[in-house]
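Geometric and topological summary
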Amino acid sequence: MADTKRLSGGCHCGAVRFEAAVDLSQAIVCNCSICMKRGAMWSFLPAAQVTFLKGENAVHDYQFAAKKLHHMFCPNCGVGSFSRGRGPDGQETIAVNVRCLDEIDVTALKPMPFDGKSL
Ligand SMILES: [Zn+2]
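Residues numbered from 1 in each chain as written. Predicted model: local features only at pLDDT ≥ 70, side-chain atom pairs only at ≥ 80, totals over all residues. Heavy atoms only, no water.

The next thing to look at is the coordination of the zinc ion. Every protein donor of the zinc ion is accounted for by Cys11 (SG), Cys13 (SG), Cys74 (SG) and Cys77 (SG), and the metal-donor separations fall at 2.3 to 2.4 Å. Given four donor atoms and angles of 106 to 118° at the metal, the environment of the zinc ion is assigned as tetrahedral. We classify cysteine 13 as partly exposed; its relative accessible area is 36%. (Donors = N, O, S within 2.8 Å, 3.2 Å for Na, K, Ca; no water. Tetrahedral: all angles 85-135°; square planar, octahedral: opposite > 155°, others 65-115°. Buried < 20%, exposed > 50% of the residue type's maximum accessible area, 1.4 Å probe, protein only.)

Below, the discussion takes up the environment of cysteine 32. Topologically, cysteine 32 is positioned in the loop between β3 (28-30) and α1 (33-38). Between the C-alpha atoms of cysteine 32 and glutamate 56, which are 24 residues apart in sequence, the distance is 24 Å. Here cysteine 32 is in contact with Gly116 and Lys117, once residues within four sequence places are set aside. (Helix = DSSP H or I, 4+ residues; strand = E, 2+ residues; numbered from the N terminus. Contact = heavy atoms within 4.5 Å.)

The subject of this paragraph is the pattern of salt bridges. Between side chains of opposite charge, a pair can form when the charged atoms approach closely. Counted by the stated rule, this structure contains four salt bridges. Here arginine 17 ties to aspartate 102 by a salt bridge, and the two come within 2.7 Å at their closest N and O atoms. With arginine 17 in strand β2 (residues 17-23) and aspartate 102 in the loop between β9 (92-97) and β10 (112-114), this pair connects stretches of sequence that are 85 residues apart. For arginine 17, a relative accessible area of 22% puts it in the partly exposed group. Because the salt bridges share partners, they merge into one network encompassing Glu56, Arg84 and Glu92. (Salt bridge = Lys/Arg side-chain N within 4 Å of Asp/Glu carboxyl O.)

Where burial is concerned, most of β9 is hidden: five out of the six residues are buried. The sheet contact formed by strand β4 (residues 42-46) and β9 spans five bridges and is antiparallel. Counted as the bridge partner of tryptophan 42 is asparagine 97 from β9. As judged from the five bridges shared by strand β8 (residues 82-86) and β9, these two strands associate in the antiparallel manner. Of the residues in β9, the one forming a bridge with serine 83 is alanine 95. Taking the residues that link successive antiparallel strands as the turn, the β8-β9 hairpin has five residues, and the phi of glycine 90 there is positive, at about 85°. (Pairing = 2+ DSSP bridges.)

In this section: unusual backbone geometry. Located in the positive-phi region is lysine 67, a residue other than glycine, with phi close to 55°. With respect to the secondary-structure elements, lysine 67 resides in the loop between β6 (60-62) and β7 (70-73). Taking the relative accessible area as the measure of exposure, lysine 67 reaches 53% and is therefore exposed. A positive phi angle, close to 55°, is found at glutamate 103, a residue other than glycine. Tracing the backbone shows glutamate 103 in the loop between β9 and β10.

Right, let's get into the sheet that holds β2. Read from one edge of the open sheet, three strands run β1-β2-β5, paired in antiparallel fashion. Whereas interior strands pair on both sides, the edge strands pair on one side only; in this sheet they are β1 (4-10) and β5 (50-54). Ignoring which end each strand starts from, the neighbouring axes of this sheet average 25° apart. (Axes fitted to C-alpha atoms, helices over the stretch in contact; angles between N-to-C directions.)

As structure tokens, this is what we get:
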């Protein structure tokens, strides 16, 4: 069931702030090495669906393995509120960390498992 809402979010210290049209029914929990350690829950969106209010270029970029994904994080508070990559169709994609959205009850969500470990 599509449930797209315009939500705001960002890192812990407030250096990074964004708004995004997020469908929380499509949230994903990935089992890859970095998502396991970060405890992130993601919503993958076309980049155009995310509007940065501040901090888009203040973040640092962490990459590993195939280095296709950019695991952005705030250099001040360390929180990774979004990541960048490209979808299978080559479209620029932003994964918003659902746990970094304002006033979200993550316990009410039913995220789908994603087998990033096998990629
Ligand atoms: Zn921060």
